[in-house]
Amino acid sequence: MKTEILIVGHKKTHKPLFKNEYKKIFVGPNQSSLASSQDYRDSVGANIAEKNANYNEMTAIYWAWKNLDLDNYGFCHYRRFLKYKGKLLDKKMTEGLLKTYDVIIPKPELINDKDKTNEGHYVNAVKHNDVETLRNIIIQKHPEFLEAYNLVMARKSGHMRNTFIMNKTAFESY
């Protein structure tokens, strides 16, 4: 079974204990000076690396979708990793869990008191206009999703940062 867990980053960082089971993928403008020959870069092959300033780790996810042929795709961040029962996920644990589940995600994060809700978090993290633009696009193109959008944006917790492990079918759907 081909499984890779990619560590998305834009600066030098350490790998977890299972060094050969995690592979780095560098994003952003400094990647050519940071990546070793064993690392991936989101700027080679089919890519949208030039959009990293707007899409963040999604450029690495796009790169993997277009350039890797795996059974399972995993993504974590240079300082955030997935754990199961208090242990860092390795390939054996991951592949075992994916026999039962299509997707592994972290627990939802609580939104801080300053932001209050997911909408407040996004308004403070990105431009307010972007949140309003997204709402307007949903109203115009997919009004059937507006109620779900409003429910998610009103929550006080959420799944952030595109940290997940998915089987190929779920990943391609994502």
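Residues numbered from 1 in each chain as written. Predicted model: local features only at pLDDT ≥ 70, side-chain atom pairs only at ≥ 80, totals over all residues. Heavy atoms only, no water.

### A short note on the overall build of the protein
From N to C terminus, the protein includes 8 helices and 10 strands. Against the compact-globule benchmark of 16 Å for 174 residues, the protein has a radius of gyration of 17 Å, which places it among compact chains. Across its three principal axes, the protein shows a C-alpha extent of roughly 45 × 35 × 30 Å. Counting only residues that meet the buried cut, the protein has 37% of its 174 residues in that class. Contacts in the protein between residues far apart in sequence, at least 24 positions, make up 57% of those at least 6 positions apart. Entry remark: accessible area of the protein is about 11000 Å², with carbon and sulfur atoms responsible for 52%. Of the charged side chains in the protein, 28 are positive and 20 negative, and the gap between their average positions amounts to 6 Å. (Helix = DSSP H or I, 4+ residues; strand = E, 2+ residues; numbered from the N terminus. Rg over C-alpha atoms; globule rule 2.2 N^0.38 Å. Buried < 20%, exposed > 50% of the residue type's maximum accessible area, 1.4 Å probe, protein only. Contact = heavy atoms within 4.5 Å. Areas by Shrake-Rupley, 256 points an atom, 1.4 Å probe, with all protein chains shown as cover. Lys, Arg positive; Asp, Glu negative; His and termini not counted. Charge placed at Lys NZ, Arg CZ, Asp CG, Glu CD.)

### Overview of the layout of surface pockets
Empty space among the atoms becomes visible once a probe the size of a water molecule is rolled across them. A volume near 1600 Å³ is recorded for the largest pocket. A class-by-class count of the residues in the lining of the largest pocket yields 22 nonpolar, 14 polar and 7 charged. Size it by volume and the second largest pocket reaches roughly 280 Å³. If you go around the second largest pocket, the residues you meet are Arg80, Phe81, Leu82, Lys83, Ile105, Pro106, Lys107, Glu109, Met160, Arg161 and Thr163. (1 Å grid on protein atoms, 1.4 Å probe; cavity = no way out; pocket = protein on both sides within 12 Å on 5 of 7 lines; lining within 4 Å. Points joined across faces, edges and corners; volume = space filled by probe spheres on them. Nonpolar A, V, L, I, M, F, W, Y, C, P; charged D, E, K, R; others polar.)

### So, the sheet that holds strand E3 (residues 40-41)
Backbone-to-backbone hydrogen bonds pair the strands of a sheet. The strands run either parallel or antiparallel. Strand order in the open sheet made by the 6 strands is E3-E2-E1-E4-E10-E7, with mixed pairing throughout. This sheet does not close on itself; its edge strands, each paired only once, are E3 and strand E7 (103-104). For strand E1 (residues 3-9) and strand E4 (residues 72-77), the ladder comprises 6 bridges, and the chain directions are parallel. Across the sheet, residue Leu6 finds its bridge partner in E4, namely Phe75. Contacting E1, strand E2 (22-26), E3, E4 and strand E10 (164-167), helix H3 (residues 58-67) crosses the sheet at an angle of about 160 degrees to E4. (Pairing = 2+ DSSP bridges. Axes fitted to C-alpha atoms, helices over the stretch in contact; angles between N-to-C directions.)

### Considering unusual backbone geometry
The phi angle at Lys85 is positive, at roughly 50 degrees, despite the residue not being glycine. Residue placement: Lys85 occurs in the loop between strand E5 (83-84) and strand E6 (87-88). Unlike most non-glycine residues, Arg161 shows phi in positive territory, near 70 degrees. Position of Arg161 among the secondary structure elements: in the loop between strand E9 (157-158) and E10.

### Here's the deal with the packing of aromatic side chains
With the rule as written, the count across this model stands at 8 aromatic pairs. Consider the rings of Tyr40 and Trp63, whose centres lie 4.8 Å apart with planes at 45 degrees: the pair is tilted. Of this pair, Tyr40 sits in strand E3 while Trp63 sits in helix H3; the two residues are 23 residues apart in sequence, bridging distant segments of the chain. Judged by its relative accessible area of 16%, Tyr40 falls in the buried class. (Phe/Tyr/Trp six-rings, centres within 6.5 Å; stacked < 30°, edge-to-face > 60°.)

### Section: the pairing of E4
E4 sits mainly inside the fold: 6 of its 6 residues count as buried. Side chains Asn72, Gly74 and Cys76 project from E4 onto one buried face, and the interleaved Tyr73, Phe75 and His77 project onto a second face that is buried too. Bridge count between E4 and E10: 4 bridges; the pairing is antiparallel. Following the sheet pairing, Gly74 is matched in E10 by Ile165.

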